[in-house]
Amino acid sequence: MKTVSFYDTKPYDRDYILAATGAEGIRWHFHDFRLTAETAATAAGSDAVCVFVNDKLDRDCLQQLAKAGVRHAALRCAGFNQVDLTAAKEFGIAVTRVPAYSPHAVADHSVALLLTLNRKIHRAHNRVREFNFSLAGLVGFDLHGKTVGIIGTGKIGRCTAQIFRGFGCHVLAYDPFPNPEWAAANQITHTAFDEVLARADILSLHLPLTKDTHHLLNERTLARMKPGAYLLNTSRGKLIDTAALIETLKAGRLGGVALDVYEEEEGIFFEDHSHRGLLEDDELSRLLTFPNVLITSHQAFLTHEALSEIARVTVTNLNASGSWLDGTLLT
Ligand code: NAD
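These numbers come from a predicted model, not from an experiment. (Residues numbered from 1 in each chain as written. Predicted model: local features only at pLDDT ≥ 70, side-chain atom pairs only at ≥ 80, totals over all residues. Heavy atoms only, no water.)

Engineer: So what's going on with the overall build of the chain? Which residues, and what values?
Structural biologist: Along the chain, the regular secondary structure elements total twelve helices and 13 strands. For 331 residues, the compact-globule estimate of 2.2 N^0.38 gives 20 Å, and the chain sits close to it at 21 Å. In the chain, buried positions account for 49% of the 331 residues. Here the analysis covers contacts within the chain between residues at least 6 apart in sequence; of these, 67% occur between residues at least 24 apart. Split by element, the accessible area of the chain, about 15400 Å² in all, is 54% carbon and sulfur. Each charge sign in the chain was given a centre, from 33 positive and 38 negative side chains, and these centres are 4 Å apart. (Helix = DSSP H or I, 4+ residues; strand = E, 2+ residues; numbered from the N terminus. Rg over C-alpha atoms; globule rule 2.2 N^0.38 Å. Buried < 20%, exposed > 50% of the residue type's maximum accessible area, 1.4 Å probe, protein only. Contact = heavy atoms within 4.5 Å. Areas by Shrake-Rupley, 256 points an atom, 1.4 Å probe, with all protein chains shown as cover. Lys, Arg positive; Asp, Glu negative; His and termini not counted. Charge placed at Lys NZ, Arg CZ, Asp CG, Glu CD.)

Structure (structure tokens):
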């Protein structure tokens, strides 16, 4: 029976992974802290580690894992920017992930954020609970006829684009590897990145974080967005230069910003900091002061269907012994 150290455990993780563990069993060691170079020693005696988006498997951490006898890092997420793959290969640690679990979960959440922000549902909800039934300040806009820009038309970007088509939006998209058949079938136009920026009333990011896409939205590219546009990011926080975003918001150049991810979310998102009554991150604090900014704590994946599929694929990856010993990323 394999022994697996499971990091950044939340109650729902434990429930779903235990339900997915087959009859042959896995001996789980659940830790509520994240895996980093500082905590890697806790994996001693484990065959594998199971990690999520904010664990940090850099060279130092991976070297310690290898010394501790760990041969497999099973990511229970799609993105793998938190792992130094070159170092993993060097130290003989295989890396697996869950490439697709429910693109619908993330697409639904992206659209939910936009609808909430545009139609001010969060503000209306707070008002009526205090018996304030005034509509002042709650004016939104129709989605029908608006232009949506989708950056990255992979699994999630395609779902999101199709939902917006259902609302009667025009959809422009940018992806270095476009899918012309899908675009034609859904009346979606692939065009240059700059043109999407300039024409989109709503811009939604659905691409991975890599060295090339880090700060894709920065002072220069934010300035190219259509004045008054809405920006949605459910992909990775570091796609956006937060300092530049704050300056753009201060200048009143964006209609709204909805974020499910934040550049420095590690150690903040997924945790309850309310008892402390303060937030040490100045940029996040500043973002929270804008009435046209809506933030959720990296919850776009959090549906029953997605959690079930993440658990099923993670257990399958962990049980696929023998095929993961060459240190490659299995997809
Ligand atoms: P995917 O691999 O199916 O699609 C990504 C697409 O981005 C691909 O078509 C690729 O060609 C494109 N791309 C790459 N570089 C690009 C660039 N510079 N400009 C435009 N497009 C580019 O991935 P997916 O399943 O659709 O997931 C997208 C992202 O969503 C993931 O990388 C992950 O970071 C994020 N995600 C977030 C959550 C959440 O809970 N918030 C959950 C799952 C995934």
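The rest of the description comes next.
Engineer: So what about the nonpolar core? Which residues, and what values?
Structural biologist: Ranked by internal contacts, the top residues of the largest apolar core, which has 58 residues, are L65, L203, L231 and L245. Among the elements that make up this core, the one with the highest residue count is helix 10 (residues 242-250) (four residues). When residues of this core are assigned to domains, at least three fall in each of domain 1 (2-101 + 304-318) and domain 2 (103-295). Non-local contacts of L203, meaning those with residues more than four positions away in its chain, are made with G149, I151, V196, L197, L217, M225, Y230, L231 and L232. Within the second largest apolar cluster, 20 residues are counted, among which are L143, A161, V171 and A173. (Core = buried A, V, L, I, M, F, W, Y, C linked by side-chain atoms within 4.5 Å. Domains from an automatic or database assignment.)

Engineer: Describe the sheet that holds strand 11 (residues 256-259), with residues and values.
Structural biologist: Across the sheet, which stays open at both edges, the seven strands sit in the order 8-7-6-9-10-11-12 with parallel pairing between neighbours. This sheet does not close on itself; its edge strands, each paired only once, are strand 8 (188-190) and strand 12 (293-295). Each adjacent strand pair in this sheet contributes to an overall mean axis angle of 15°, direction not counted. (Pairing = 2+ DSSP bridges. Axes fitted to C-alpha atoms, helices over the stretch in contact; angles between N-to-C directions.)

Engineer: An account of the state of the cysteines is needed here, citing residue identities and associated values.
Structural biologist: Taken as a whole and judged by the stated rule, the model has zero disulfides. The thiol of C50 is not disulfide-bonded; the next cysteine sulfur, from C77, is found 8.9 Å away. Using a relative accessible area of 0% as the deciding quantity, one classes C50 as buried. Its sulfur unpaired, C159 is 16 Å from the next cysteine sulfur, which belongs to C169. Owing to a relative accessible area of 14%, C159 belongs among the buried residues under this scheme. (Disulfide = S-S within 2.5 Å.)

Engineer: Any details on the site of the ligand? Residues and values, ideally.
Structural biologist: In the region of the ligand, 23 residues are neighbours, and Y101, K155, I156, D175 and T234 sit closest. At 3.4 Å, a backbone N or O of G154 approaches an oxygen atom of the ligand. Take R236: an N or O atom from its side chain is 3.3 Å from an oxygen atom of the ligand. Considering the ligand on its own, with 860 Å² of exposed area, one finds that the protein chains cover 84% of that surface. Judged by its atoms lying within 2 Å of the grid points, the ligand is housed in the largest pocket. Partitioning the shell around the ligand into residue classes produces eleven nonpolar, eight polar and four charged. (Near = heavy atom within 4 Å. Polar contact = N/O pair within 3.5 Å; in protein donor to acceptor, adjacent residues only side chain to side chain. 1 Å grid on protein atoms, 1.4 Å probe; cavity = no way out; pocket = protein on both sides within 12 Å on 5 of 7 lines; lining within 4 Å. Sits in = over half its atoms within 2 Å of the grid points. Nonpolar A, V, L, I, M, F, W, Y, C, P; charged D, E, K, R; others polar.)

Engineer: Break down the packing of aromatic side chains for me, with residues and values.
Structural biologist: In the structure shown here, the tally under the stated rule is nine aromatic pairs. Taking the centre distance of 5.7 Å and the plane angle of 80° together, the rings of F6 and W28 count as edge-to-face. Note that F6 is positioned in strand 1 (residues 2-6) and W28 in strand 2 (residues 26-30), a separation of 22 residues in sequence. Pairwise contacts between aromatic rings join F6, W28 and F30 into one cluster. (Phe/Tyr/Trp six-rings, centres within 6.5 Å; stacked < 30°, edge-to-face > 60°.)

Engineer: Now, about the domain arrangement of the chain: what can you tell me, with residues and values included?
Structural biologist: The domain architecture assigned to the chain consists of domain 1 (2-101 + 304-318) and domain 2 (103-295). For domain 1 versus domain 2, the separation of C-alpha centres amounts to 29 Å. Each partner contributes residues to the interface: domain 1 has 13 residues there, and domain 2 has ten residues. For the pairing of domain 1 and domain 2, the buried interface totals around 1000 Å² over both sides, and the portion due to carbon and sulfur atoms is 54%. (Buried area = accessible area lost by both parts, 1.4 Å probe.)

Engineer: Help me get a handle on helix 10, residues and values and all.
Structural biologist: Residues three or four positions apart in an α-helix share a direction because the helix packs 3.6 residues into each turn. For helix 10, every residue scored as buried is listed here: T242, A244, L245, I246, T248 and L249. Where helix 10 is buried, its residues contact helix 9 (219-224), strand 10 (230-233), strand 11, helix 11 (282-287) and strand 12. The N-cap of helix 10, judged by a side-chain oxygen 3.1 Å from the amide nitrogen of A243 a few residues on, is D241. Where helix 10 ends, the next residue or the one after it, G252, has phi of about 70°, a positive value.

Engineer: Can you tell me about unusual backbone geometry, naming the residues and giving the values?
Structural biologist: Positioned with a positive phi, Q187 is a non-glycine residue whose angle comes to about 50°. Locating Q187 in the fold gives a position in the loop between helix 7 (180-185) and strand 8. With a phi close to 55°, H215 is a non-glycine residue in the positive phi region. Examined against the element boundaries, H215 turns out to sit in the loop between strand 9 (202-205) and helix 9.

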